[in-house]
Amino acid sequence: MEWTSLNGRYYLMDVQGLTTGSSNFNLVTIGANNTKGGFFPVARGVDYDSDGILINLSSDLSRDVLLDFSTVSGTSQIIISNLYWSPAVNAAITLYLPIKVAANTPFFVRGQQSTATATLTVGVGIVYLHKGWNDVELFDRMTNYSEIPGVEVERSIDPGGTPNTWGSWVTITSGTVYQIESFLIMIGDDDNVTMTDGFYLFEVGVGPVSQEVPIFRGAMIASSQDDMYHPTVIGPVNLSIPQGTRIAMRGQCSITDATDRIFTAAFYGFD
Amino acid sequence: MPPWTVSKFPLVAQPLGYNLSASKGIVLSGTTSGVKSSYAEITPSTPWDADGFYLFFGPDLLGTNTQTFRIDIAAGSAGNEIPIIWDIPMIARRGAGNVAFFPLTVPAGTRLTARCATFQEAANPRGATVALTLMPRTYTASNMNRNNIAVTYGFDANVMFGSDIDPGGTANTYGAYTQITASTAHPIRQLIMFCNQHNNASTSAAKFRLQLAVGANGSEQTLIPDIALGNLTGSDGIVPTVVGPIPVKIPPETRVAVRAMCNITSVVDRHFDFSMIGVC
């Protein structure tokens, strides 16, 4: 048995952030008016080093959110900055993040959304994966490359007015700070609650303006019933991108509605 | 320093089977009988040795019909196709786009194809659309395992669903375990889980937590604790439909079971179905 090498422990993932008597996770009250709310303790940490975590998110409303994950109840140790999620009502998601997390590392989470009046809570739970158990690529850091502090996080990708034809490239970052070994893309609708059904393709490209080289292509479907794209997360994608590289994205789709054709994307690199 | 050597830049994934004139993938014909259709070619020959691929899959038409699919991905020459992944489940509610990463090696020069079977709720059977993004061999490391086998567990081809998971009649309390397999055929290093909502076209809003366990009946021990799921009443779908791949180590001949809790008690709507693909 491959498990016996780990001190006889049979289960090697631990979840934190559960709410007793609920099928949801710990609730984080999200700040309104594009302003972060306070930090909420979600997970206290485990007594082993973790090779990766799973983040569970659950939402009551159809509302784009940006979440910060810090190892202290403050901004000094934010290790996941502005994680973008664009759910439908009652949607949930599980993200696998291949980052190393030291023993006894807690997580505090805060968030923001755009509207002024609605109270929004997001359920957040963390699953810690035991160190040494997995033979997968692991990384020290997760960097938000689509974030321009104080300006924007997710990028609007416009497939353009001609159906099934690539739109223009949109710069994600003019130069990567680190050499990326893997990346994660979060797709959203920018709070559009009257979406149109459509088929979509997107590409990630690298290189200077007008010399972009596509390195990854994916697909998604826009749902007018859910007002949500499916899927909303792609990755982690294990592709290396050198330090200092410009990254851009473009899309094409089967619809031309000037509002509904536009999707949003946030891009996170692991190194 | 990471324990692997980075290949030369740039590394580029290879898109295969994308139809740029329709912003989707190739179309797999729908059937009405649950019998799988003929294979459709994704690529006649993969360009290089690959360490896996992203599979994007969904209904080939946009609309409101609910329809159940199972999709196979195969390798081999025409007439000699051998499924390398089979019975990938999908419910074609409106907007049912999905992505799953399969960390399987694919040798250069491989012909890849796909086929599907459908179970129609409405009068107009649909097909599926699939596209694939092939991932280059990124790393060379002696301690990294490469995977060659994918096995589907928990899918019932007779009813076109995964195994039925019933959270039970008490809200927010775990229901009984449902056995997904009595014995895994191979070790599992990467686990991909699929959740769907049967063919329920009138679901209730609900939140779920799912646990996957290993061990004998009555002695199950939780392996993957508390994955979040939610019912979308707009499309009557459950999300996420695909979870993973999650790195695990499940030995061969292991019993796997799943249980769940939810915040509703509706005898019909609290149910969902589950299947999984183990990769090694």
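Below is a short write-up of the structure. (Residues numbered from 1 in each chain as written. Chains lettered and ligands numbered in written order. Predicted model: local features only at pLDDT ≥ 70, side-chain atom pairs only at ≥ 80, totals over all residues. Heavy atoms only, no water.)

On to the overall build of chain A. The secondary structure content of chain A amounts to 0 helices and 19 strands. Along the longest, intermediate and shortest principal axes, the C-alpha atoms of chain A span 60 × 45 × 35 Å. Looking at the 271 residues of chain A, the share that counts as buried comes to 65%. Accessible surface for chain A amounts to roughly 9100 Å². Of this, 49% is attributable to carbon and sulfur atoms. Side-chain charges in chain A split into 13 positive and 27 negative, and the spacing between the mean points of these groups amounts to 5 Å. (Helix = DSSP H or I, 4+ residues; strand = E, 2+ residues; numbered from the N terminus. Buried < 20%, exposed > 50% of the residue type's maximum accessible area, 1.4 Å probe, protein only. Areas by Shrake-Rupley, 256 points an atom, 1.4 Å probe, with all protein chains shown as cover. Lys, Arg positive; Asp, Glu negative; His and termini not counted. Charge placed at Lys NZ, Arg CZ, Asp CG, Glu CD.)

The subject of this paragraph is the pairing of strand β17 (residues 188-196) of chain B. Residues and elements named next belong to chain B. Taken across its 9 residues, β17 has 8 buried, putting it largely inside the fold. As defined by bridge partners, β17 adjoins strand β23 (residues 272-279) across 7 bridges and the pair is classed as antiparallel. Each bridged residue has a counterpart across the sheet, and for Ile192 the counterpart in β23 is Ile277. (Pairing = 2+ DSSP bridges.)

As a further point, take the interface of chain A and chain B. The figure often quoted for interface size is the accessible area lost as the parts come together. Of the residues lining the interface, 75 residues belong to chain A; the matching set on chain B comes to 75 residues. Regarding the contact of chain A and chain B, the summed buried area is about 6000 Å², with carbon and sulfur atoms giving 63% of it. Linking chain A with chain B are 1 salt bridge, by the criterion used here. In this structure, A:Asp60 engages B:Lys207 in a salt bridge whose closest nitrogen and oxygen atoms are separated by 3.0 Å. (Contact = heavy atoms within 4.5 Å. Buried area = accessible area lost by both parts, 1.4 Å probe. Salt bridge = Lys/Arg side-chain N within 4 Å of Asp/Glu carboxyl O.)

Residues and elements named next belong to chain A. Enumeration over the complete set of coordinates arrives at 18 salt bridges over all chains. Measuring nitrogen to oxygen at the nearest pair gives 2.8 Å for the salt bridge that ties Glu203 to Arg217. Highlighted residues: Glu203 in strand β14 (residues 198-206) and Arg217 in strand β15 (residues 213-223), separated in sequence by 14 residues. Taken individually, Glu203 and Arg217 each receive the classification buried, so the pair is uniform in this respect.

Residue and element names in this part refer to chain A. Position of Thr264 relative to the elements: it lies in strand β19 (residues 263-270). A polar side-chain atom of Thr264 sits 2.6 Å from a polar atom in the side chain of Tyr84. When near neighbours in sequence (up to four residues on either side) are disregarded, Thr264 contacts Tyr84, Glu154, Arg155, Ser156, Met186, Ile187, Gly188, Asp189 and Asp190. (Polar contact = N/O pair within 3.5 Å; in protein donor to acceptor, adjacent residues only side chain to side chain.)

What follows deals with the side chain of A:Asn90. Position of A:Asn90 relative to the elements: it lies in the loop between β6 (78-85) and β7 (92-101). Looking at A:Asn90, its side chain comes within polar contact range of the side chain of B:Lys207, at 3.3 Å. The residues touching A:Asn90, leaving out its near neighbours within four places in the chain, are A:Ser59, A:Asp60, B:Ala205, B:Ala206, B:Lys207, B:Gly230, B:Asn231 and B:Leu232.

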